[in-house]
Amino acid sequence: MSQRRRRSLALLTSGVLALPLLAGCGSGDDEGGPVAAGQDIASTARDKVADGGVLRWAVDSLPDTLNAFQADADATTTRIAGAVLPQLFVLDDKGRPVANPDYLEKAEVVEREPKQVVLYKLNQQAVWSDGREIGAADFVAQWRALNGKDSAYWTARNAGYDRIEKIERGKTDLEVKVTFNKPYTDWRSLFSPLYPKQVTGTPDAFNEGARGTIKVTAGPFNLGAIDKKTGTAALTRNARWWGRPAKLDSLVLTAVPRGQRPAALAAGKVDLAEVDRAGADRIALAHRDAAKSPGPGGTAAHGPGAAMTPAQATLSWALAYGSDEGKAATEREARAQNAEAAKNYADEQSALRSFTVRKSLEPAYTQLAMNGAAGPLADERVRRAVARALDRKELAEIVLKPLGLPAKPVGSHVALAGQRAYADNSDALGGKDLHAAEALLADAGWRRGGKITEPPGAKAGPEGEEGQDDSKTPSGPGTGNDGLYIVGETDGRNGDSLDRGIPVVESAIKTGAETSPQGRRGERIDPSGQEGEAADPGAVDDDKRSPARDGQAPDPGKAASASPAPAPAKQVRTSGNMLAKDGKALNLRFVLPAGPGSEALRTVGERIAQMLKKVGVNTEVTKVADESFFKDHIASGQYDLALYSWPATAYPATDARPIFAKPEPAADGSLLVEQNYTRVGTDHIDQLFDQALGELDEEASRELMRKADARIWAAAGSIPLYQRPELVAAKTNLANAGAFGLGTPRFQDIGWKKPPAAKEDVKKKK
């Protein structure tokens, strides 16, 4: 799987209806337990959904390519492919792969020895939009393009396809027989999507032919016009579709940035859009205000102008109609602009009442990543101590509880609750235990009140020990970067009270212009409460201090001698209530994204820093620009702690392995990390993944994955925290669409509910 697809969380799209399981799919439905949160899609029977209409669905951007197997494919690529191309297996509402009867009558492993053979029996009605039957030739062309043997194909991945030995026609044209040279437990992950041989048959067609269009399709929708100027991609009902026809005439994917989506919804530009917490809150406020009168003086209790006090309003009026003509003109212009903004906001709020927010949990989890390549976190005991200091339940509640979503911490790195491979293996590491965390740190040699030595003239604290890698991000107001905040050194608060009310939790990170009660930002502050080299003289008793540092007057005779002045002594201080070892404080660089939409991550990061402070760990929180967060910090290893998310997968033996594979040294001396950005791995974990990948007994394969997960927990490179919230604004009369959770959309069932009048007419006709 390409790294870009994982980073964009595009591995799993959302879904509607569970389809019948394939024969031999595994054990009972109770395996993996219930999902943490079900789908919220306004499920409606097809006979209650009107035929026709247009749905405008917001996406982050138009795709650079329509070839899902290229490195620059993104979430929009995946959505389009899901609507216009064959998906042999889709995901049910528990995130489990099931056969898609629109394309498959049956698919199963028919031979295990001497080699694995999978037989696909295709739906006899399945045809491409040019009238040709879907068949073995399409399977062969895709296998040859993706198996990695021909470098002329620009592919992002070949997982699974590289294990195929041959593909051939079965007894009839409707059968495809696939023989593997190595056993492959995740065979269901292959050929979804399936491209026509016109796309995969030659390198030129694969590399360039499907970047901007797909001429031959085989889904409930065809690909229509893609308009870069308007930012839209139109999908139209496929007249050759053999399954239940799409309810919609067309589905228009419309590029809208996340921050602009409330305005786009209100303006009628889109009908369905994933929104952030702020957008969801605006819709909630719109419904709440519908039943209430505006605030005092006719002004809404929120939005532009809502924060103005009566005194401020009086002063504004006085300036606008005062004797100073220059100030009056400026103030009248400002009042007019404010009035226009308030009116626009009120109009938008009125329009947003026609939307509702559908809620579930995304097929992705947020983790605390610990870089084990170097520094204190290279010691497994320190990583385990950091993990044991965390209250994962509290961190999940910070994000999910205000949204009314279940806030149970994620217990697995390789699956989510409801998926068959899921099991809570967090006991392999252990839950919150401050005494255990302190004991682990002490065992690693870290002590409170330890000596900290620094070069002459160096600033005390982390700034003097290691420079910050935030030069690419400007600081200060209006830049999106609030600068550096050192928890445990310049924090005058304990931070235990976080504002969790709507609309947004306020960030507790100081701006570069602010000062703490203990000193200016960047100024050296000793955690023990003493500044500079004025630390307790009793902390150093080695008879090597100069007389001046001891507070004693120097000998005048010695001062007049011609002997050279002694080299300045190193500054020495104590770590106070924080930890130190070998003359250095335990400081961890915590990198967080600074952009809009990352408020929840920053709030969780601040709370983690406060939790670590309780066990003596200093945390330097640095917020960086979104565009540099991953490339310049996570992928390059320029961090100690970081928060980011991984998507869940129905095929963990294939997709999770590169995330947790043990890094290997390259010929040039660098480290090959694949997608393991924590740089923490073991040979045993790799072996368990390899065994699971080649195990055709599906329950045995899943058990191997659970064992691997327990080992990943024990290594303490990444700590899963919570499943990400999924908030989707949808028109109230939209059916079978919204927050899809772990499932795959069933595009042909999405549509507009029949109005009540239409229902009455039907009854009368009967």
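Cut-offs used in this document
- Numbering of residues starts from 1 in every chain and runs along the sequence as written.
- Since the coordinates come from a predicted model, pLDDT governs what is reported: local features require at least 70, and pairs of side-chain atoms require 80 or more to be given and counted, while whole-chain, interface and lining totals use all residues.
- To obtain the side-chain values, all non-hydrogen atoms of the structure were used and water was disregarded.
- A helix here means a DSSP run of H or I that spans at least four residues, while a strand means a run of E at least two residues long, and both kinds are numbered starting from the N terminus.
- Burial status follows relative accessibility: with a 1.4 Å probe on protein chains alone, a residue under 20% of its type maximum counts as buried, one over 50% as exposed, and anything between as partly exposed.
- The contact criterion used throughout is that any non-hydrogen atoms of two residues lie within 4.5 Å.
- Only the protein chains shown count as cover for residues, with accessible areas throughout obtained via the Shrake-Rupley method and a probe of 1.4 Å.
- Side-chain atoms within 4.5 Å are what join buried Ala, Val, Leu, Ile, Met, Phe, Trp, Tyr and Cys residues into a set we call a nonpolar core.
- Confidence of the predictor at the level of single residues is given by pLDDT, which spans 0 to 100.
- Ring pairs are drawn from Phe, Tyr and Trp, using the six-membered ring of Trp, whenever the two centres fall within 6.5 Å, and their geometry is named by plane angle: stacked under 30 degrees, edge-to-face over 60, tilted for the rest.
- A ring is scored as having a charge over it whenever the NZ atom of a lysine or the CZ atom of an arginine sits within 6 Å of its centre and within 35 degrees of its normal.
- Should DSSP find at least two bridges between two strands, the strands are taken to pair.
- Only the stretch in contact is used when fitting a helix axis, every axis being a line fitted to C-alpha atoms; angles between N-to-C directions are given from 0 to 180 degrees.

(A) Structural context of the overall build of the chain. On a plain count of helices and strands, the chain comes out with 21 helices and 28 strands. The 766 residues of the chain split such that 52% are buried. Restricting to contacts in the chain with at least 6 residues of sequence separation, those with at least 24 account for 75%. For the chain, the exposed area adds up to about 33,700 Å²; of that, 51% sits on carbon and sulfur atoms.

(B) Expanded view of the nonpolar core. One finds Tyr120 and Phe191 to be the most contacted residues of the largest nonpolar core, which totals 109 residues. Per-element tally for this core: the top contributor is helix H3 (residues 136-146), with six residues.

(C) Representation of the confidence of the model for the chain within the structure. Chain-level pLDDT for the chain is 82 on average; 77% of the residues reach the 70-or-more range. For the stretch residues 1-27, pLDDT sits under 50, and the model shows 107 contacts to residues farther than four places along the chain or on other chains. Across residues 295-299, confidence stays below pLDDT 50; counting only partners more than four residues off in sequence or on other chains, it has five contacts.

(D) Spatial organisation of the packing of aromatic side chains. Under the definition given, this model contains 19 aromatic pairs. With 6.2 Å between their ring centres and 35 degrees between their planes, Trp57 and Phe740 make a pair best called tilted. On the criterion of sequence distance, the pair formed by Trp57 in strand E1 (residues 54-59) and Phe740 in the loop between strand E27 (734-735) and strand E28 (751-752) is long-range, its members being 683 residues apart. A relative accessible area of 4% means that Trp57 is categorised as buried. With 6.3 Å between their ring centres and 80 degrees between their planes, Tyr120 and Trp187 make a pair best called edge-to-face. Placement of the pair is Tyr120 in strand E5 (residues 117-122) and Trp187 in the loop between strand E7 (175-180) and helix H4 (197-200), with a sequence separation of 67 residues. Each member of the pair, Tyr120 as well as Trp187, is classed as buried. Clustering of aromatic rings is evident, with ring pairs tying together Phe69, Phe89, Tyr120, Phe139, Tyr161, Trp187, Phe191 and Tyr195. A cation over a ring is seen here: Arg79 above Trp57, with NZ or CZ 4.1 Å from the ring centre.

(E) Representation of the sheet that holds strand E13 (residues 447-448) within the structure. Pairing within the open sheet is antiparallel, and its three strands lie in the order E13-E19-E20. Strands with a single pairing partner mark the edges of an open sheet, and in this sheet they are E13 and strand E20 (584-585). In terms of strand pairing, E13 meets strand E19 (residues 579-581) through two bridges, oriented antiparallel. Bridging from a neighbouring strand, Arg448 pairs with Leu579 of E19.

(F) Up close: the environment of Ile80. Following the sequence through the fold, Ile80 ends up in helix H2 (residues 75-84). Separated by 139 residues in the primary sequence, Ile80 and Gly219 place their C-alpha atoms 10.0 Å from one another. If sequence neighbours within four positions are ignored, Ile80 has contacts with Pro63, Leu66, Leu223, Ala233, Leu235 and Leu253.

(G) The arrangement of the sheet that holds strand E6 (residues 164-169) in detail. Taken together, the four strands give an open sheet; going across it, the order is E4-E5-E7-E6, and neighbouring strands pair in antiparallel fashion. Each of the sheet's edge strands pairs with one partner strand only, and the pair in question is strand E4 (104-111) and E6. Going from strand to strand, the sheet's axes swing by 15 degrees on average, the running direction of each strand aside. For E4 and E5, the ladder comprises six bridges, and the chain directions are antiparallel. Looking across to E5, one finds that Lys106 is bridged to Lys121. Helix-sheet contacts for H3 involve E5, E6 and E7, and the interaxial angle to E6 is about 160 degrees.

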